[in-house]
Amino acid sequence: MAKTDAFPEIERELRYFPANTNELQTLSKDKIQQFNDKGFICPLDVYSSSETKTNRETFDKLIKETTSKGGDSYSINGWHRTHSAVYDIVTDTRIINYVQDIIGKNIVCWGTHYFCKMPNDSKRVSWHQDASYWPLTPSKTVTVWLAIDDTDSQNGAMQVVPGSHLHGQIDFEISKKEEENVLNQTALNPLDYGEPPTLLEMHAGQMSLHTDLLLHGSEPNRSHRRRCGFTIRYVPSEVRALNGWNENAIVCRGEDPEGNWKHWPRPKD
Ligand SMILES: O=C(O)CCC(=O)C(=O)O
């Protein structure tokens, strides 16, 4: 049965709020226009090749740690609070400069999640809107998807439906088991809501930005190469989190004058 709201008990404002920052740090006006029209920007350069190697080594350590505790390649969720190497990516000035151009100066990171498709991983991420999963209001989260490995059509790069963020909450159903969905929602008729899908191919060290109502997903990894992406969720501090979703935050730049978020310092590891 189609659903329109995963949290009917709380009132959320789910619509697209265009980026309109005055003093741009890094992005051009054209890029901001593209973000407002299409809902994403890709690719953007961040890390050098030696830094990318370090990011990969960090992830290799994290995956060892999680698998030793019974986790898998999708279990590293929210480790920015406990692991300094992850905290350092989340607060990297180059990433925050891009994010500031979209959401302004008071920047809070409330969540992170590595989506790692191992070689020949049969799982997909079905078409979905992020905001649909989150008890946050208003819907102003921007996601950084940082490529830890190269990502392309063969190893299950993320795809987006450009323009779909302008349609508010789109109906979805709870995914069927045979979909092998990493998450649990599947948007209905996704291709009716925008331009034909665009594949976000990137080299390791590059990143994309997408807004939380943009339809996106990814196919299984049909290659012998790993495809790991690190997602970082940022909001302007005025966004409110319900059901305790404000507990794992880092104020990455500026302040949180309303005290909406519980702020964590850099962990000592
Ligand atoms: O990495 C993927 O394939 C999907 C990531 C995703 O769904 C997200 O960033 O919200």
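Being a predicted model, the structure only gives us computed values, none of them experimental. (Residues numbered from 1 in each chain as written. Predicted model: local features only at pLDDT ≥ 70, side-chain atom pairs only at ≥ 80, totals over all residues.)

## Focus on the overall build of the chain
From N to C terminus, the chain includes four helices and 14 strands. For the chain, whose C-alpha radius of gyration is 17 Å, the value lies close to the compact-globule estimate of 18 Å for 269 residues. Its C-alpha atoms put the chain at 45 × 40 × 35 Å along the principal axes. Of all 269 residues assigned to the chain, the portion counted as buried reaches 45%. (Helix = DSSP H or I, 4+ residues; strand = E, 2+ residues; numbered from the N terminus. Rg over C-alpha atoms; globule rule 2.2 N^0.38 Å. Buried ≥ 20, exposed ≤ 12 C-beta atoms within 10 Å, placed from the backbone.)

## Notes on the site of the ligand
By nearness alone, every residue bordering the ligand is listed as Phe 115, Val 125, Asp 130, Thr 143, Trp 145, Met 158, His 216, Ser 218, Gly 229 and Thr 231. Going through the elements one at a time, β5 (142-147), β11 (216-218) and β12 (227-236) are the ones with two or more residues in the shell around the ligand. For the shell around the ligand, the per-class residue count stands at four nonpolar, five polar and one charged. (Near = placed C-beta within 6 Å. Nonpolar A, V, L, I, M, F, W, Y, C, P; charged D, E, K, R; others polar.)

## Side note on the sheet that holds strand β1 (residues 40-45)
Taken in spatial order, the six strands of this open sheet run β1-β10-β5-β12-β2-β14, and their pairing is antiparallel. In the strand order of this sheet, the two ends are held by β1 and β14 (250-253), each with one partner. Taken over all neighbouring pairs, the strand axes of this sheet differ in orientation by 30 degrees on average, direction set aside. Contacts between helix α4 (residues 93-103) and the sheet are confined to β1, β2 (107-117), β5, β10 (206-211), β12 and β14, with β5 contributing the most and set at about 150 degrees to the helix. (Pairing = 2+ DSSP bridges. Axes fitted to C-alpha atoms, helices over the stretch in contact; angles between N-to-C directions. Contact = placed C-beta atoms within 7 Å.)

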